[in-house]
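Listed below are the residues making up each chain.
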Amino acid sequence: MSEIKFRSPLKITIYLTVIQYLFCFLFLIGFFSIFTHHESALYSYLLLSILFLTIMTGVARETHLEGLVRFSYQGLNSYSFGQFGKSNHALYWDEIYSVESYRYFGLPFFLIRHHSSQYPAWLPLFLNHQTQLNLSILEHTSTNNPLHIALLKKADFKQIPWHSRVKIQQSDLYLQQQKLKDTSRFYYSFKHFFWFILSLEILV
């Protein structure tokens, strides 16, 4: 089965895009205000504003066409807003070990913790055809899957803050995988170092 894209309403896509990159825009404004003469400051701010709006329009359009979530029988492919910009997170159903309710500048999400990353995948709860996505997830997940349980329960978002920081969380399986990667990386580096020293000895 090919992936099915789920998009948010266009105005929400634009809102998400702007709030993610607004800090960069404000930083540029502050930077230019230090090195720009007062006479030309207004002109510089106007150019920066036009540039920012142009970039945001392009990014929002691309994000909207790509979709915030892509669904397949094996799992989800979802964006994480917990890092700078957007990082794509692909996860399988059996990788999920925890799900929590969250608000990102007022918008409701489920943060899906999974073993392949220390950052959670974000499942928006405001998508077009949200009910279709929820039913598809319920159909393809086991009854003891944390995401399955979270979707069946009616989350009370009145208790969730308007926005807060996302905490990094590393599962035991994730830590084990990282140790194996580090061990393999060390062995690979040592092997190359050994052959390098041996080659020098032969040349000398």
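Figured I'd write up the structure that's included with this text. (Residues numbered from 1 in each chain as written. Predicted model: local features only at pLDDT ≥ 70, side-chain atom pairs only at ≥ 80, totals over all residues. Heavy atoms only, no water.)

Here's the deal with the overall build of the chain
Scanning the chain for helices and strands turns up five helices and seven strands. Reading the helices (α) and strands (β) of the chain from amino to carboxyl end gives β-α-α-β-β-β-β-β-β-α-α-α. Counting every position in the chain, which comprises 204 residues, the buried fraction comes to 37%. Sequence-distant contacts in the chain: of pairs separated by 6 or more residues, those separated by 24 or more amount to 61%. (Helix = DSSP H or I, 4+ residues; strand = E, 2+ residues; numbered from the N terminus. Buried < 20%, exposed > 50% of the residue type's maximum accessible area, 1.4 Å probe, protein only. Contact = heavy atoms within 4.5 Å.)

Considering the nonpolar core
L16, L76, I112, L123, L133, I137 and L147 are the most contacted members of the largest nonpolar core, which totals 31 residues. At five residues, strand 6 (residues 107-114) tops the list of elements feeding residues into this core. Not counting chain neighbours up to four residues away, the residues in contact with L133 comprise F6, V69, F71, L76, L123 and L127. (Core = buried A, V, L, I, M, F, W, Y, C linked by side-chain atoms within 4.5 Å.)

Focus on the side chain of N145
Note that N145 resides in the loop between helix 3 (130-140) and helix 4 (146-152). The exposure class of N145 is buried, given its relative accessible area of 6%. In this structure, N145 is in contact with W93 and I96, ignoring residues within four places of it in sequence.

Digging into the pattern of salt bridges
Taken as a whole and judged by the stated rule, the model has three salt bridges. Note that R70 and E3 form a salt bridge whose closest N and O atoms lie 3.0 Å from each other. Of this pair, R70 sits in strand 2 (residues 69-71) while E3 is found in the segment before strand 1 (4-6), placing the two residues 67 residues apart along the sequence. Each of E3, E66 and R70 takes part in one network of salt bridges that share partners. (Salt bridge = Lys/Arg side-chain N within 4 Å of Asp/Glu carboxyl O.)

Describing unusual backbone geometry
The phi angle at F105 is positive, at roughly 50°, despite the residue not being glycine. Looking at the element boundaries, F105 is found in the loop between strand 5 (96-104) and strand 6. Judged by relative accessible area, which is 26%, F105 ranks as partly exposed. Here H129, not a glycine, exhibits a phi torsion of approximately 60°, which is positive. Checked against the element boundaries, H129 lands in the loop between strand 7 (121-124) and helix 3. Of the residues examined, H129 reaches a relative accessible area of 59% and is grouped as exposed.

Considerations on the pairing of strand 5
As paired elements, strand 5 and strand 6 share eight bridges and run antiparallel to each other. Looking at the pairing, R103 lines up with P108 of strand 6. Linkage of strand 5 to strand 6, two consecutive antiparallel strands, is achieved through a turn of two residues, within which F105 is found at a positive phi near 50°. (Pairing = 2+ DSSP bridges.)

A few points about the sheet that holds strand 6
With antiparallel pairing, the three strands of this open sheet are ordered in space as 5-6-7. Only two strands of the sheet have a single neighbouring strand rather than two, namely strand 5 and strand 7. The sheet shows a mean angle of 30° between the axes of neighbouring strands, taken without regard to direction. In terms of strand pairing, strand 6 meets strand 7 through four bridges, oriented antiparallel. (Axes fitted to C-alpha atoms, helices over the stretch in contact; angles between N-to-C directions.)

Here we look at the packing of aromatic side chains
Under the criterion given, the structure shown has eight aromatic pairs. When the centroid spacing of 5.9 Å and the interplanar angle of 45° are considered together, the rings of F71 and W93 count as tilted. Pair noted here: F71 is in strand 2 and W93 is in the loop between strand 4 (87-92) and strand 5, with a separation of 22 residues, a long-range link. On the accessibility criterion, F71 (1% relative accessible area) is buried. For W93, a relative accessible area of 9% puts it in the buried group. (Phe/Tyr/Trp six-rings, centres within 6.5 Å; stacked < 30°, edge-to-face > 60°.)

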